[in-house]
Amino acid sequence: KLPDIGYSVSVTTRAPREGEVDGVSYFFKTVEEVKTMIAEGGLLEYAEVYGNYYGTLKSEVEKAIVNGKNIILEIDPVGARNVRAHYPDAVLMFLVAPDLEVLSSRLSGRGSESAETFKIRHDAALSEMENATLYDYVVVNDFVERAADDILAIIRAENLRTKNSIEILSRIKGGNKL
């Protein structure tokens, strides 16, 4: 719906699920490859979650910023804290299921979780809600279209903030700085 939005494909060490494509769903890497990325500073944020590494390539985020694009990262609260540390003006949105029943249904609907993994993910989701105040916005993901519209409204509003419009205003004034 907005052409200036990019999506950051995360790095992971977990095995691909059925239908997932390397470079589209995730960048599937070995533990050794991810540890090298960490050591070389190639990841903006990373965490070991459920026995696997997940992270965001710094190069993907920087490329989007240089090209003037908004970029969406799908990260947990640990990652959000790290992003905020590197980019204090980042806009953080916390997506949450409308209730516990829906949350449980979505987790079990994957069909790829053992009972033990389901419990770990369920408990982690509940724990993550305790960090909601870290975020700028909370979006209830009850219906996909409504949640997407809410996210787009936030992005549009943030892009209209004066601090994000200085370049446009200067151009309108004939190149004179504000």
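Rules behind the numbers
- Residues numbered from 1 in each chain as written.
- Predicted model: local features only at pLDDT ≥ 70, side-chain atom pairs only at ≥ 80, totals over all residues.
- Heavy atoms only, no water.
- Pairing = 2+ DSSP bridges.
- Helix = DSSP H or I, 4+ residues; strand = E, 2+ residues; numbered from the N terminus.
- Core = buried A, V, L, I, M, F, W, Y, C linked by side-chain atoms within 4.5 Å.
- Buried < 20%, exposed > 50% of the residue type's maximum accessible area, 1.4 Å probe, protein only.
- Phe/Tyr/Trp six-rings, centres within 6.5 Å; stacked < 30°, edge-to-face > 60°.
- Patch = residues over 30% accessible without salt bridge, like charges linked within 9 Å, V, L, I, M, F, W, Y side chains within 5 Å.
- Areas by Shrake-Rupley, 256 points an atom, 1.4 Å probe, with all protein chains shown as cover.
- Salt bridge = Lys/Arg side-chain N within 4 Å of Asp/Glu carboxyl O.
- Contact = heavy atoms within 4.5 Å.
- Arc of directions from axis to C-beta.
- Polar contact = N/O pair within 3.5 Å; in protein donor to acceptor, adjacent residues only side chain to side chain.

## Section: the sheet that holds strand β5 (residues 52-57)
Part 1 of the reasoning: Overall, mixed pairing links the 4 strands, which are arranged β3-β2-β5-β4 in an open sheet. Unpaired on one side and paired on the other, β3 (27-28) and β4 (43-49) mark the two borders of the sheet.
Part 2 of the reasoning: Direction of pairing for strand β2 (residues 11-12) relative to β3: parallel, over a ladder of 2 bridges. Following the sheet pairing, V11 is matched in β3 by F27.

## Some words on the nonpolar core
Part 1 of the reasoning: L44, V61, A80, V83, A90, L92, F94, V96, A132 and Y135 together form the largest nonpolar core, which totals 10 residues.
Part 2 of the reasoning: Going through the elements one at a time, α3 (77-86) and β7 (93-96) are the ones with two or more residues in this core.
Part 3 of the reasoning: If you look at the next biggest cluster of nonpolar residues, it comprises 7 residues, including L2, I151, L152 and I154.

## Details of the packing of aromatic side chains
Part 1 of the reasoning: Tallied over the full model, the rule gives 3 aromatic pairs.
Part 2 of the reasoning: Both rings, one in Y26 and one in Y54, keep their centres 6.0 Å apart while their planes meet at 65°; by these two values the pair is edge-to-face. Of the two residues, Y26 is situated in the loop between β2 and β3 and Y54 in strand β5; the sequence distance between them amounts to 28 residues.
Part 3 of the reasoning: Take Y54: its relative accessible area is 17%, and that puts it in the buried class.
Part 4 of the reasoning: An aromatic cluster of at least three residues, connected via ring pairs, comprises Y26, F28 and Y54.

## Focus: a nonpolar patch on the surface
Part 1 of the reasoning: Taken together, the side chains of I166, I168, L169 and I172 present a nonpolar region at the surface, about 350 Å² in accessible area.
Part 2 of the reasoning: Residue I168 is classed as partly exposed on the basis of its relative accessible area, which comes to 40%.

## A few points about the environment of R81
Part 1 of the reasoning: Tracing the backbone through its elements, the reader meets R81 in helix α3.
Part 2 of the reasoning: Residues R81 and R161, spaced 80 residues apart in sequence, show a C-alpha to C-alpha distance of 23 Å.
Part 3 of the reasoning: Leaving out residues up to four positions away in the same chain, R81 has contacts with N131 and L134.

## Some points on the pattern of salt bridges
Opposite charge on two side chains lets them pair, provided their charged atoms get close.
Part 1 of the reasoning: For the structure on display, the rule yields 5 salt bridges.
Part 2 of the reasoning: As a salt-bridge pair, K63 and E60 come within 3.8 Å of each other at their nearest N and O atoms. Taken together, the positions of K63 and E60, both in helix α2 (residues 58-66) and 3 residues apart, correspond to about one turn of that helix.
Part 3 of the reasoning: A residue is classified by how much of its surface remains accessible, and K63, at 48% relative accessible area, is partly exposed.

## Section: α3
Part 1 of the reasoning: Turning to α3, its buried residues number three or more, namely P77, G79, A80 and V83. Down the axis of α3, the smallest arc covering the buried residues is 150°, so these residues share one side.
Part 2 of the reasoning: The inward-facing, buried residues of α3 contact β4 and α5 (115-129).
Part 3 of the reasoning: Its side-chain oxygen 3.2 Å from the backbone nitrogen of V78, D76 forms the N-cap of α3.

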